[in-house]
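Below are the chains, spelled out letter by letter.
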Number of protein chains: 2
Amino acid sequence: MLTRYLPVFDWARRYDRATLTSDLLAAAIVTIMLIPQSLAYAMLAGLPPVVGLYASILPLIAYAIFGTSRTLAVGPVAVISLLTATAAGAVALPGSPEYLAATVTLALLSGLILVAMGIFRLGFVANLLSHPVISGFITASGLLIATGQLGHILGVKAKGDTMVEQTVSLLRALPEANLPTLAIGASATAFLFWARKGLRPALVRLGLAPGLAALLARTGPVIAVTLSTLAVRMFDLTLAGVRVVGEVPQGLPPIGLPPTHLGSWATLAPAAFLIALIGFVESMSVAQTLAAKRRQSIRPDQELIGLGAANLFAAFSGGFPVTGGFARSVVNFDAGAETPAAGAFAAAGIALASLFLTPLLHFLPIAVLAATIIVAVLSLIDLDAIRRIWKFSRFDFAALAGTILVTLGWGVETGIITGVALSVMLHLWQSSRPHIAEIGQIPGTEHFRNVLRHDVVCAPEILSLRIDESLFFGNARAIEGVVQSAVAERLEVRHVVLNCAAVNGIDGSALESLELIMHRLADAGIALHLSEIKGPVMERLARSDFLTHLSGRVFLSHHEALAELSPETTLACDTAIHRPIDAARVFPAKPRRPA
Amino acid sequence: MLTRYLPVFDWARRYDRATLTSDLLAAAIVTIMLIPQSLAYAMLAGLPPVVGLYASILPLIAYAIFGTSRTLAVGPVAVISLLTATAAGAVALPGSPEYLAATVTLALLSGLILVAMGIFRLGFVANLLSHPVISGFITASGLLIATGQLGHILGVKAKGDTMVEQTVSLLRALPEANLPTLAIGASATAFLFWARKGLRPALVRLGLAPGLAALLARTGPVIAVTLSTLAVRMFDLTLAGVRVVGEVPQGLPPIGLPPTHLGSWATLAPAAFLIALIGFVESMSVAQTLAAKRRQSIRPDQELIGLGAANLFAAFSGGFPVTGGFARSVVNFDAGAETPAAGAFAAAGIALASLFLTPLLHFLPIAVLAATIIVAVLSLIDLDAIRRIWKFSRFDFAALAGTILVTLGWGVETGIITGVALSVMLHLWQSSRPHIAEIGQIPGTEHFRNVLRHDVVCAPEILSLRIDESLFFGNARAIEGVVQSAVAERLEVRHVVLNCAAVNGIDGSALESLELIMHRLADAGIALHLSEIKGPVMERLARSDFLTHLSGRVFLSHHEALAELSPETTLACDTAIHRPIDAARVFPAKPRRPA
């Protein structure tokens, strides 16, 4: 019980010296990497850089206690920071105390929502976010974020709310670009792009061990930050107009109840819900991928509690919403982290950094932070995935394209909501046209197949339909329509046999529809039979009185149904290998229409 | 093509004298029945009674031209009138010209929405309204409407917005009840309740033919209206405080562009969408039930156009939203209507009534109209259906109960939206825990069954899972989790074989999850195989490159997979009838957990 809700007790009692060494090493590397990332994502969220450090201390400790992943590294991430900036920007001006209060409230609310979802086991709600929607959302957010940061690279201010407006304003401001800033920003961007793919092989060529090279290759942002800070300091580039981070307050984050107004809770709740949901989906995906590599497992409900606790701790230490990040978790994993203690040690590292290292950050150019963000978010855009989805299914592509377009044109919140609505609608549209095949007997066998695909035999007075879907409210009415049209076209039909071999489930709407189908068929003098019902469906049907007043019968096999209802045809067909079949009983390939 | 979009050309060219006679007779009966109903539902919608007549003329002609049902009778109905009153009441005061403009706008917008849905074949959107939600909504609306009308029966004014407030205000006002009004209202209610069940047998006992008795039994409201009007007139009951309909303007409805402001369109659009959707679902259900009795079929997309046209015509003749009504359609059907011309003739009948009969309606007591409404809506409440849903499925019951409670407590629009959200969520919740069974071979056969239900044999290094659901975004992540937990628990597993015999479809999210499962298994040194994939699923998978880089293989049958991957076990098992099976290969009933 205790280890169920506090996974820390599971791994802590088996903690030993070897694990400690691995965890400490991983923590050191993650700490170095987290510093520029935290500063950058705080800037993206519209907050002072130091808040990024604050959000990377206590939340890591909270996740270490409550989380189920051994190697997930939580902290500020790009998409969540963008959502935070959008939601907080709608209620307050960036830089104002109200803005900081709004981001703290968002962390608090999304923490509460995540914990509540964990306790009530509501993690399934995240399933609303289908892969194409998530993929489209990340692509669009990446483009939005990158455009927003371009101004920092150029040393000008991007104006406007939409991407188009911002791009236009950037193009107009191009002549006023600050050249030293542009030089630093562009070279940092180029270096970081190269470092993603080229640094590791370069280090290997320099003679480093492949494992060490892979780890060091991840420190591209740290190298860029260090070198550019030194350059600004040495050449006094601030005088040439290069904007730097400036004074960063030294010390640990303020602990305490966040200064939040209950009045703003209702306004921020929908955004907090989105932040919670998207953060959870992103984090779960990273956690499961890493856990699989070591055959560990992740408990989604406890993950909700772990991430919720991380956000609550963020709120109580003056931070903003956090979640499990992909890049840092992979570094943590590759650096050999074995338990969540590595996260706690990284938290200690960041705490030390915010106590002692902040003066060194004074001359860090904003343009380099922007470059870090741009490279990180553009690398999340997976054009190949978009191409694959296009090829695989036009429906999924529609959901993806809709999410991208609406996110770019109307903003992140509208985008994600549209995406969810679209994918639910498209799913309903698809289930509203369930695959229903008329089936006939393959002569000489007891097999039944689609009349349109195989040479089969049917008795004219019997309509055999195989429903290739579970029955639920999304397709219940469509099945009414299909059965009704089929019997309206074939006036000689006296029996309808529904083959339910592919029906995995049935809900109340579908039961109601089956009742209606039965009564409507009875009004036309036709009996309704069912065949090959699966165990769980049969058990469910037995809870209603549908089977007791069924106009026809329930048959174990479709062959049994036909043998009972039309023994003559069936006999002819079973022995077809030996005898010719009465031609009149061979069903024509196209259904006949009334004259 | 022409008969596709104008079904009138289909039946009109075969129209003959016999059909004319049947249609005229049916129209006469429906006209008589429609008059009190139209007045009552206009009152329920907060409109002058004559508007009810207006809404029963041109819409019927429009439906006769565009609709596909031969016997559906359109006009004002209770639930739609309530929705109209709620939506219009939110933007204007009942009785004001703005209120009338709002109801006309609602008819116009819902007409446009229905026609657009018909043209773009979006009828599937109505599937969002599951049977339990519709059932709950009608029950709750019935209670709301009945409570709202009780004041008219008592001769007092019900105050408050919610049912509880109205009930309290009615109880408080009880001492001030107008006794003559109460006497008329209560006796009309009692008579109408009795007439629903008792009038037909009573008429048969009086010697009428059963068919005629059944028809006359439906005229209960007409009898109540006639008798009570005569009573009020003869005994001058208006002087005793009995409220009557009063002056009803004589003449045909005003034809022309409705006086509507574009500004109000955005405000009224969501309500118009709900009115369109609920009206369509209700109407389709009636139309299909009646069509089935005569083996006719209904085309949903054309029905949308037919109902849309009816609402547009209602808007252009000063009416309010209409749809196909259950009671009047059944009367039309029973009275022998054979074509939609019966509807057009009934329209002519109502037009004559509004030209010449309106003076007779002056002394019609409001209490009797309220009694008509109360009896009609309470008869729609099907407590037995609620009991059946409770027994059949707790999920469906939750959707139903949620819809009832929210409709009663927060109003009709919030109620229906909550119901839809609830049923989508519950569906997702259910699909987020798909039925996945570990399967093993039944010794001596090539059949594979659930290890928990049957005595089966498994090879320890092979995990065979049968997925009993179509794969889509709702359950894709759950399947990742199940596979991951299963292999995390069984460290000896080297192959995972997913049996897809029950998988009817797969979407992009599920493909993505299969990719992830494959890569994660590969990271742990496990191969992923698939077996018994259905044709459509195979075709879909072939559009991606999943199959080409699958770590394992695709097998036609599960037996083939096992025979290939663990020939030893399979051989032992195939011949089990003759030889004992190696005990070590018999899978223990409970999955082993790691120590």
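Counting of residues starts from 1 at the beginning of each chain's written sequence and follows it residue by residue. Note on labels: chains are lettered from A, ligands numbered from 1, in written order. In keeping with the predicted nature of the model, local features appear solely for residues at pLDDT of at least 70, side-chain atom pairs appear and are counted solely at 80 or more, and the whole-chain, interface and lining totals rest on all residues. Side-chain figures throughout are based on the complete set of non-hydrogen atoms in the structure, without hydrogens or water.

Q: Would you mind showing me how to read the overall build of chain A here?
A: Strands here are runs of E lasting at least two residues and helices are runs of H or I lasting at least four, both read from the DSSP assignment and numbered beginning at the N terminus. What chain A contains, in helices and strands, is 25 helices and eight strands. A buried classification covers 57% of the 595 residues belonging to chain A. Look at the contacts in chain A between residues 6 or more apart in sequence, and 79% of them connect residues 24 or more apart. Here the open area of atoms and residues is found with the Shrake-Rupley method and a 1.4 Å probe, where only the protein chains shown may cover a residue. Within the structure as shown, chain A displays about 24,500 Å² of accessible surface, and the carbon and sulfur contribution to it stands at 66%. Categorising residues by exposure relies on relative accessible area from a 1.4 Å probe, with only protein chains included: less than 20% of the type maximum marks a residue as buried, more than 50% marks it as exposed, and the intermediate range marks it as partly exposed. Pairs of residues are marked as contacts when any of their non-hydrogen atoms sit within 4.5 Å.

Q: Can you walk me through the state of the cysteines in this structure?
A: Simply put, disulfide is the name for a covalent bond between the sulfur atoms of two cysteines. Two cysteine sulfur atoms form a disulfide, by the criterion used here, when they sit within 2.5 Å. Tallying each qualifying case throughout the model produces zero disulfides over all chains. We note that A:Cys500 lacks a disulfide partner, and the nearest cysteine sulfur, in A:Cys458, lies 17 Å from it.

Q: What am I meant to see in the pattern of salt bridges here?
A: Should the charged atoms of two oppositely charged side chains come close, the side chains can pair. All names here are of chain A. Note on definitions: salt bridges are taken to be side-chain nitrogens of Lys or Arg within 4 Å of carboxyl oxygens of Asp or Glu. In total, this model carries 18 salt bridges over all chains according to the counting rule given. One salt bridge in this structure joins Glu564 and Arg553, with 3.3 Å as the shortest N-O distance. On the criterion of sequence distance, the pair formed by Glu564 in helix H24 (residues 558-565) and Arg553 in the loop between helix H23 (535-541) and strand E8 (554-555) is long-range, its members being 11 residues apart. Note on Arg553: relative accessible area 39%, which makes it partly exposed. Counted as one network, the salt bridges with shared partners bring together Asp382, Asp384, Arg387 and Arg388.

Q: Got a minute to help me understand the relation of the copies chain B and chain A in this structure?
A: Between the two copies of this chain, the relationship is a rotation about some axis together with a displacement along it. Here the copies are matched by least squares. The fit uses the C-alpha atoms of residues with pLDDT of at least 70 in both. Aligned on chain A, chain B shows an RMSD of 0.1 Å; the corresponding rotation is 180° and the shift along the axis is 0.0 Å. The relationship between the two copies is best expressed as a two-fold rotation axis. No C-alpha of chain B lies nearer the rotation axis than that of B:Ala502, which sits 3.0 Å from it. Most of the interface of chain B is mirrored in chain A, where 100% of its interface residues are also at the interface.

Q: Is there a simple way to think about the UniProt feature "domain: STAS" (unreviewed entry) in chain A in this case?
A: Mapped onto this numbering, the UniProt entry annotates "domain: STAS" (unreviewed entry) at residues 452-565 of chain A. Along residues 452-565 of chain A one finds 42% helix and 16% strand; the C-alpha atoms at either end are 23 Å apart. UniProt positions are given in the numbering used here, feature names are shortened, and annotations may be inferred rather than shown by experiment.

Q: Would you mind going over the packing of aromatic side chains with me for this structure?
A: Each aromatic ring pair is specified by the distance between its two centres and by the angle formed by the two planes. Two aromatic rings, drawn from Phe, Tyr or Trp (for Trp, its six-membered ring), form a pair once their centres lie within 6.5 Å of each other, and the interplanar angle then sorts them: stacked below 30 degrees, edge-to-face above 60, tilted otherwise. As enumerated under the stated definition, the model contains 12 aromatic pairs over all chains in all. Here A:Phe472 and A:Phe473 contribute two aromatic rings whose centre-to-centre distance is 5.2 Å and whose plane-to-plane angle is 70°, an arrangement assigned as edge-to-face. Of the two residues, A:Phe472 and A:Phe473, neither departs from the other in class, the shared state being buried. Members of the aromatic cluster, joined through ring pairs, are A:Phe124, B:Phe395 and B:Trp429. Placement of a charge over a ring requires the Lys NZ or Arg CZ to be within 6 Å of the ring centre, with the centre-to-atom vector within 35 degrees of the ring normal. Against the face of A:Phe333 rests A:Arg294, its NZ or CZ located 4.2 Å from the ring centre. Stacked on the ring of B:Phe392, the Lys or Arg A:Arg540 has its end atom at 5.7 Å from the ring centre.

Q: Any chance you could explain the interface of chain B and chain A here in plain terms?
A: A common way to report how large an interface is uses the accessible area buried once the components associate. Contacts between the two partners involve 73 residues from chain B and, on the opposite side, 74 residues from chain A. Both faces considered, chain B and chain A share a buried interface measuring about 6,400 Å² in area, 53% of it formed by carbon and sulfur atoms. Two parts placed together each lose some accessible area; with a 1.4 Å probe, that loss summed over both constitutes the buried area. When the buried surface of chain B facing chain A is broken down by residue, B:Arg295, B:Phe392 and B:Arg477 rank first, second and third, together holding 15% of it. Counting the contacts that link chain B with chain A gives zero salt bridges. Where the side of chain B that touches chain A is concerned, the elements lending two or more residues are helix H8 (131-154), helix H13 (262-293), helix H18 (383-392), helix H19 (394-410), helix H20 (412-431), helix H21 (473-489), helix H22 (508-523) and helix H23 (535-541) of chain B.

Q: What am I meant to see in the domain arrangement of chain A here?
A: Segmentation of the chain into domains, including their bounds, is taken from an automatic or database domain assignment. Parsing chain A into structural domains produces domain 1 (18-382) and domain 2 (436-585). For domain 1 of chain A versus domain 2 of chain A, the separation of C-alpha centres amounts to 58 Å.

Q: I would appreciate a short explanation of the packing of H8(B) against H19(B) in the present structure.
A: Geometry of a packed helix pair, given as the angle between the helix axes and the separation of the axes. All names here are of chain B. In contact at an axis separation of 8 Å, H8 and H19 are set at 30° when each is read in the N-to-C sense. As summarised for this structure, H8 and H19 are arranged roughly parallel, according to the angle between their axes. For H8 against H19, the interelement crossing comes out right-handed. On H19, the residues touching Pro132, Val133, Ser135, Gly136, Phe137, Thr139, Ala140, Ser141, Leu143 and Leu144 of H8 are Asp396, Ala399, Leu400, Thr403, Ile404, Thr407 and Leu408. The nonpolar class holds Ala, Val, Leu, Ile, Met, Phe, Trp, Tyr, Cys and Pro. Asp, Glu, Lys and Arg form the charged class, and all remaining residues, Gly among them, are polar. Taken together, the residues that form the contact of H8 with H19 break down as 10 nonpolar, six polar and one charged. Fitted lines through C-alpha atoms give the axes, limited to the stretch in contact for helices. The angle between two N-to-C directions lies from 0 to 180 degrees. The scheme is simple: roughly parallel for angles under 35 degrees, roughly antiparallel for over 145, roughly perpendicular for 65 to 115, oblique for anything else. Crossing handedness: left-handed means the near helix sits turned counterclockwise from the far one by under a right angle, and right-handed means the same turn made clockwise.

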